[in-house]
There are 2 protein chains.
Amino acid sequence: MTFKVTILGSSAAMPTVDKHHSAQILNVSEQFYLIDCGEGTQNRLMKMGINPLKINSIFISHLHGDHIYGLFPLISTMSLMGRRTKLKIFAPRPFDEIMENHKRYFDIGTGYEIEFCEVRTRENNLIFENKVMEVYSLPLRHNIPCSGFLFKEKTLPINIRKDIVDRLQLGIAQVVALKRGEDIITEDGECITSESVTYIPYQPRSYAYCADTQYSAKLAGLIQGVDLLFHESTFADIDKALAKRTGHSTTTQAAKLALNAGAKRLLLGHFSARYSDTSLLVNEARDVFKDSFEAKEGHTFEIQRY
Amino acid sequence: MTFKVTILGSSAAMPTVDKHHSAQILNVSEQFYLIDCGEGTQNRLMKMGINPLKINSIFISHLHGDHIYGLFPLISTMSLMGRRTKLKIFAPRPFDEIMENHKRYFDIGTGYEIEFCEVRTRENNLIFENKVMEVYSLPLRHNIPCSGFLFKEKTLPINIRKDIVDRLQLGIAQVVALKRGEDIITEDGECITSESVTYIPYQPRSYAYCADTQYSAKLAGLIQGVDLLFHESTFADIDKALAKRTGHSTTTQAAKLALNAGAKRLLLGHFSARYSDTSLLVNEARDVFKDSFEAKEGHTFEIQRY
């Protein structure tokens, strides 16, 4: 079962020739979730060979243009491509008003329903759920209401060791009981504990997207043990006063957050265009958190089953 | 003196991997005028090495997303780049309302003034003028209010032949009179006609941008003798019923318009994504109007002095 994120854009507010505004696509079991949607997102989806019609839902962190300007063109293209299935858009208010105004002024009659799902940016809520995944909002500290998102595979059903079932010739009722966590007594009077014969097939995987935000110590508690963490790091450590003033983080702060959250890997991005050599920024984070990587456009980061 | 247009995007409403929404940049004497502004325009400006701060004014033909979605990101970037000079935006109403709403919902305090200049889409008006150029609105026939634009160099001052001035030792007053079109009598009693000694240094050049529109016979009269004509040709000749229904033109209609307008060259674009081989579309136009060319992205079409 796939669990991977592809970076479509990771510039800060000022894009450059080859760094575009924020957008990422998360593929969980071939269901696609778009996270933020800066200008040109549809073009980069096409370049990556991802059909926009495969997008299940869209998660918008906040209503700054560099995270949303690509949304209306994408909505329009989905309509021209013949989308009929509902599209859920998770975003803070007043996204609903913006959408209504947009429909009023622009001539886009979409052939599919768009459902607005409000994200309360000060709360840590379960906002989305399907068979395999849950998504939680993560309160962030930016200069306008802003939410991160934690994507978590659901805890998987317990499996039972097949060799035990065969050896003891267990019936269905016994297997079900063991999987439920109950112990059983076999016809031979043997006590079989659930713990001794069952296992979790693999650990549920998780991805947290945290942009845009100042350093927030509380955040670490909400994403404990996350497999992959994207945390904005607009500025180098030396510019931390500027980071605070503008509602952003430094490389070192992102790394500290990853450390405190017990994250397995850290992706850095949303770098200010002022830094021409981004490897210096990554190295700065690595001094604090070794497994830090740049969220480079076009790169895919997969979380393997373990 | 430069007079050239660079194609930044020329797809129809459905973009493809390498065909972007409508945008062109006209360079007249190193003053830059942006015509329409589809998604990703700022990126393609950067790719062409054109500094967005050099843009003098923006001309928006109509309020369909594929002609305007790149405008707000561009406005934002200009602000981040430190623009201080006023930006004029020519567009049909209710662009002013859209702009106001945008400012209200998005956090873009621009450091420069944006002046909205209404384009009345049913009128053929002089809407812009500076020392070297005039711009006229051109009523088009689309399914929402839509205007084309005619960019015309101003008629240049008459020059006087330097050999005549030297031979006859003409004074300033005599030169001024001849340049004004008056005849003079020299001290030797010789009559010098203005016509015989003056000349126009070169013909004023012109460019007409006509998208989106159905075929409009009247349009030819408004752009007579234009040097370079961009006329949308969304559809092939065989799809003319569809063109009419959707407020667009065919290749053959664009060519017929160029012929009737006495245009020197025709640029074709805004091709529907349904046609994979665009050379067939260009050839269709060439059967009617020989000097037809595809408005390919990244290509520049210069009008030489003559």
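Residues numbered from 1 in each chain as written. Chains lettered and ligands numbered in written order. Predicted model: local features only at pLDDT ≥ 70, side-chain atom pairs only at ≥ 80, totals over all residues.

*Asks:* Pulling in residues and values, what's your account of the overall build of chain A?
*Replies:* Across its full length, chain A carries 10 helices and 18 strands. In terms of principal-axis extent, the alpha carbons of chain A reach across some 75 × 50 × 35 Å. Considering chain A as a whole, with its 306 residues, one finds that 43% of them fall into the buried category. By sequence separation, contacts in chain A at least 24 residues apart represent 62% of the contacts at least 6 residues apart. (Helix = DSSP H or I, 4+ residues; strand = E, 2+ residues; numbered from the N terminus. Buried ≥ 20, exposed ≤ 12 C-beta atoms within 10 Å, placed from the backbone. Contact = placed C-beta atoms within 7 Å.)

*Asks:* Tell me what's going on with the relation of the copies chain B and chain A, and back it up with residues and numbers.
*Replies:* Laying chain B over chain A is done by rotating through 180 degrees and shifting 0.0 Å along the axis; what remains is an RMSD of 0.1 Å. The superposition operator between the copies reduces to a two-fold rotation axis. Measuring from the rotation axis to each C-alpha of chain B, the shortest distance belongs to Gly 40 of chain B, at 2.8 Å. Of all interface residues in chain B, 100% are interface residues in chain A too; the two copies therefore contact each other through one and the same surface. (Least-squares fit on C-alpha atoms with pLDDT ≥ 70 in both.)

*Asks:* Can you tell me about the interface of chain B and chain A, naming the residues and giving the values?
*Replies:* Each side of the interface is counted separately: chain B has 28 residues, and chain A has 28 residues. Mapped onto the side of chain B that touches chain A, the elements with two or more residues apiece are helix 1 (41–47), helix 2 (71–80) and helix 3 (95–105) of chain B. In terms of residues, the side of chain B that touches chain A owes the most to one element, helix 2 of chain B, which gives five residues. A breakdown of the residues in the side of chain B that touches chain A according to their chemical character gives 16 nonpolar, nine polar and three charged. (Nonpolar A, V, L, I, M, F, W, Y, C, P; charged D, E, K, R; others polar.)

*Asks:* Mind laying out the packing of helix 9 (residues 251–261) of chain B against helix 10 (residues 278–286) of chain B, listing which residues take part and the relevant values?
*Replies:* Residue and element names in this part refer to chain B. Contact pair helix 9 / helix 10: the axes reach a minimum separation of 8 Å and the direction vectors enclose 40 degrees. Between helix 9 and helix 10, the crossing angle belongs to the class labelled oblique. In the packing of helix 9 onto helix 10, the handedness of the crossing is right-handed. Across the interface between the two elements, Thr 251, Thr 252, Ala 254 and Ala 255 from helix 9 touch Leu 281, Glu 284 and Ala 285 from helix 10. (Axes fitted to C-alpha atoms, helices over the stretch in contact; angles between N-to-C directions. Parallel < 35°, antiparallel > 145°, perpendicular 65-115°, else oblique. Left-handed = near helix turned anticlockwise from the far one by under 90°.)

*Asks:* Would you mind going over the sheet that holds strand 8 (residues 133–139) of chain B in detail, with residue names and values included?
*Replies:* Either a parallel or an antiparallel arrangement is found when strands of a sheet pair, and the pairing is made through backbone hydrogen bonds. Residue and element names in this part refer to chain B. As summarised here, the arrangement of the seven strands in space is 7-8-9-14-15-16-17, forming an open sheet in which the pairing is mixed. The open sheet has two edge strands, strand 7 (126–129) and strand 17 (292–294), and neither has a second partner. Averaged over all neighbouring strand pairs, the angle between strand axes comes to 20 degrees, with direction disregarded. Relative to strand 16 (residues 265–269), strand 15 (residues 228–232) runs parallel, the two being bridged by five bridges. Residue pairing in the sheet places Leu 229 in a bridge with Leu 266 of strand 16. Across the face of the sheet, helix 9 comes into contact with strand 15, strand 16 and strand 17 while running at roughly 150 degrees to strand 15. Relative to strand 17, helix 10 is tilted by about 165 degrees, and along the sheet it contacts strand 16 and strand 17. (Pairing = 2+ DSSP bridges.)

*Asks:* Describe the confidence of the model for chain A, with residues and values.
*Replies:* Looking at chain A, the pLDDT average stands at 95 and 99% of residues meet or exceed 70. Interface scoring of the predicted complex returns ipTM 0.90; its pTM is 0.92. (pLDDT = per-residue confidence, 0-100.)

*Asks:* Please give an account of the nonpolar core that cites residues and values.
*Replies:* If you look at the biggest cluster of nonpolar residues, it comprises 146 residues, and the most contacted ones within it are Ala 208, Leu 229 and Leu 266 of chain A together with Ala 208, Leu 229 and Leu 266 of chain B. Residues in contact with Leu 229 of chain A, not counting those within four places in the same chain, are Ala 208, Cys 210, Ile 223, Ala 258, Ala 261, Ala 263, Leu 266 and Leu 267 of chain A. (Core = buried A, V, L, I, M, F, W, Y, C linked by C-beta atoms within 7 Å.)

*Asks:* Go over the sheet that holds strand 3 (residues 31–37) of chain A with me, naming the residues and quoting the values.
*Replies:* Residues and elements named next belong to chain A. Overall, mixed pairing links the seven strands, which are arranged 6-5-4-3-2-1-18 in an open sheet. Edge positions in the sheet fall to strand 6 (114–118) and strand 18 (300–302), since each has one partner strand and no second. If you compare each strand with its neighbour and ignore which way they point, the axes differ by 20 degrees on average. Pairing of strand 1 (residues 3–9) with strand 18 involves three bridges; the strand directions are antiparallel. Paired with Lys 4 across the strands is Glu 302, a residue of strand 18.

*Asks:* Kindly report on the environment of Pro 73 of chain B, identifying the contributing residues and their values.
*Replies:* Its location among the elements puts Pro 73 of chain B in helix 2. For the pair Pro 73 of chain B and Asp 188 of chain B, spaced 115 residues apart in sequence, the C-alpha to C-alpha distance is 68 Å. If we skip the residues at most four places from it in the chain, Pro 73 of chain B touches Glu 39, Gly 65 and Tyr 69 of chain A together with Gln 42 of chain B.

*Asks:* Break down the pairing of strand 5 (residues 87–91) of chain A for me, citing the residues and quoting the values.
*Replies:* Residue and element names in this part refer to chain A. In terms of burial, strand 5 is largely enclosed, as four of its five residues are buried. Note that strand 4 (residues 55–59) and strand 5 share three bridges and pair parallel. Within the sheet, the bridge partner assigned to Ile 58 lies in strand 5 and is Ile 89. Where the polypeptide runs from strand 4 across helix 2 (residues 71–80) and back to strand 5, its parallel neighbour, the crossover connection is right-handed. (Right-handed = clockwise from strand over helix to strand, strands pointing away.)

*Asks:* If you had to explain unusual backbone geometry to someone new, which residues and values would you point to?
*Replies:* Among all residues except glycine, the phi angle is most often negative; among peptide bonds, the trans geometry is most common. Note that the residue after Ala 211 of chain A, namely Asp 212 of chain A, is joined by a cis bond; omega there is -10 degrees. Following the sequence through the fold, Asp 212 of chain A ends up in the loop between strand 14 (206–210) and helix 7 (217–222). Note the cis peptide between Arg 93 of chain B and Pro 94 of chain B, where omega equals 5 degrees. Assignment of secondary structure puts Pro 94 of chain B in the loop between strand 5 (87–91) and helix 3.

*Asks:* How would you explain helix 10 (residues 278–286) of chain A if you had to name every residue and give the values?
*Replies:* Because each turn of an α-helix spans 3.6 residues, side chains separated by three or four positions end up pointing in the same direction. All names here are of chain A. Those residues of helix 10 not exposed but buried are Leu 281, Glu 284 and Ala 285. Taken around the axis of helix 10, the buried residues stretch over an arc of 95 degrees, which confines them to a single face. Across helix 10 from its buried face, at more than 90 degrees, point the exposed residues Ser 279, Leu 280 and Asn 283. Its buried side turned inward, helix 10 meets helix 9 (251–261), strand 16 (265–269) and strand 17 (292–294). (Arc of directions from axis to C-beta.)

*Asks:* Describe in detail the environment of Phe 293 of chain B, supporting the description with residues and values.
*Replies:* All names here are of chain B. Looking at where Phe 293 falls in the secondary structure, it is placed in strand 17. We classify Phe 293 as partly exposed; it has 16 C-beta atoms within 10 Å. In the structure, Phe 293 is positioned 27 residues away from Leu 266 in sequence and 6.2 Å away in space, judged by C-alpha atoms. Discounting residues that sit within four places of it in the chain, Phe 293 has contacts with Arg 265, Leu 267 and Val 282.

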